[in-house]
Amino acid sequence: MKRIPIAGPSITEVEVAAVTEAVRTAWYDNAGAFNRRFEEAFALHCGRAHAVSLPSCTSGLHLALAALGVGGGDEVILPEATWIASAAPVDYVGATPVFADIDPHSWCLSPDAFEAAITPRTKAAIVVDLYGSMPDWDALARIAGQHGIALIEDAAEAIGSTWHGRPAGAFGVMSAFSFHGSKTLTTGEGGMLVLDDDDLLARVHKLRDHGRAPGDVMFFNEEVGFKYKMSAMQAALGLAQLGRLDELVAGKRRIHGRYSAAFAGWNAGALNPDVEGLYNSCWMSTLIVAREAGVRKEALIAELGELGIDLRPFFYPLSSLPAYRDRPEAAAAAARNPVAYDLGSRGVNLPSALSLHDDDVDRVVAAVRGAVDGAGTT
């Protein structure tokens, strides 16, 4: 039997032709053309004034924090349940990450937990659209406005999702995307930062190009910055993928819909919840195994791996990771963030690659149900 992958893209001759054109033509006076086209189209998709193409979402979050002047002595709130790439940039700028609990329905930052975590040192919050879901942006924006806190949207996993009709990428002061090979829209590696403020844009452009002012041709660096740029070939691939976005999201939702139908009525687990006002692009279909099933997620991942089916764990709480668990800010997190710790102990991501066919999904469902139901009878 073929191995069923956890994630992967849809690449057609459209993308191959676009990258080939970039390889042939994206030099000399045409060097930045594909990046400009990709940025303009992506900003339009998000309803933003500006977009900046980057090597990763992580670099986008780093630039956002740096451009806002977040640094030593500042605190940045972020959800307990997310990939470490959402939190690492807080360390890059010398600030302190503060982990807050997630909502049990959206699996994103809880507005109540966000508000409870605010202190006089809170300068920003990184709000993650987890697995394609989105939080209650209206409540978060209201709280942030009352306290003068800048919201940064980590939309790495949510291209194609909308909250009350507004697309992922339209929220907060700035929004960052990932185009990693596992994402719905890919450039292999890559990212995008979208924003509206002209002054912040100028700051981002300077920081991402070794501290050079935009348009500088004299190599007269005004400060120490970073090297955060995307190649023309990546931009060409991303532009082609963006043109197919509706098709790509439909593919993800087809996979998730088949999982939903197959798991309907099964009491030993539940998929990503429906949230009012959310159109979920379903980047990753995720199963939360019932407590009563008594199945460890690590054991389930190992058992299905032996059957040629790749699962991956729901994100471990950040404060439980060796990278953070010995820090003072992580000491009381387990008691303060029960939802993230609970879901993190029982959740697994199901294969969601765009290459999956219906029979692949059916094979995954049969294997998961067999493993979970079987564990309950032993």
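The coordinates are above.
So, here is what we can say about the structure in this document.

About the criteria used
- Residues numbered from 1 in each chain as written.
- Predicted model: local features only at pLDDT ≥ 70, side-chain atom pairs only at ≥ 80, totals over all residues.
- Heavy atoms only, no water.
- Pairing = 2+ DSSP bridges.
- Helix = DSSP H or I, 4+ residues; strand = E, 2+ residues; numbered from the N terminus.
- Contact = heavy atoms within 4.5 Å.
- Axes fitted to C-alpha atoms, helices over the stretch in contact; angles between N-to-C directions.
- 1 Å grid on protein atoms, 1.4 Å probe; cavity = no way out; pocket = protein on both sides within 12 Å on 5 of 7 lines; lining within 4 Å.
- Points joined across faces, edges and corners; volume = space filled by probe spheres on them.
- Nonpolar A, V, L, I, M, F, W, Y, C, P; charged D, E, K, R; others polar.

Here we look at the sheet that holds strand β13 (residues 312–313)
Part 1 of the reasoning: Strand order across the open sheet formed by four strands is β10-β12-β14-β13, with antiparallel pairing between neighbours. Two strands close off the open sheet at either side, each with one partner strand: β10 (269–271) and β13.
Part 2 of the reasoning: This element, helix α12 (residues 338–346), spans β12 (286–289) and β14 (347–349) of the sheet and lies at about 60 degrees to β14.

Observations regarding empty space enclosed by the protein
In this approach the atoms are scanned with a rolling probe the size of a water molecule, which exposes any empty space left behind.
Part 1 of the reasoning: Counted by the stated rule, this structure contains one cavity of 30 Å³ or more.
Part 2 of the reasoning: As a volume, the largest cavity reaches approximately 30 Å³.
Part 3 of the reasoning: The wall of the largest cavity is formed by H105, S106, W107, S133, N272, P273 and N280.

Overview of the environment of A150
Part 1 of the reasoning: By the secondary structure assignment, A150 is in strand β5 (residues 150–154).
Part 2 of the reasoning: Between the alpha carbons of A150 and A124 there is a distance of 4.5 Å; along the sequence they are 26 residues apart.
Part 3 of the reasoning: For A150, the residues in contact, after removing those within four places along its chain, are L68, K123, A124, A125 and V173.

Re the layout of surface pockets
Part 1 of the reasoning: Counted as a void, the largest pocket has a volume near 480 Å³.
Part 2 of the reasoning: Taken together, 27 residues line the largest pocket, and the ones lying closest to its centre are W83, A85, E157, K183 and F315.
Part 3 of the reasoning: Broken down by secondary-structure element, the contributors of at least two residues to the lining of the largest pocket are α3 (57–67) and β13.
Part 4 of the reasoning: By residue number, the principal contributor to the lining of the largest pocket is α3, which donates three residues.
Part 5 of the reasoning: Residue composition of the lining of the largest pocket, grouped by class: 14 nonpolar, eight polar and five charged.
Part 6 of the reasoning: The computed volume of the second largest pocket comes to approximately 390 Å³.

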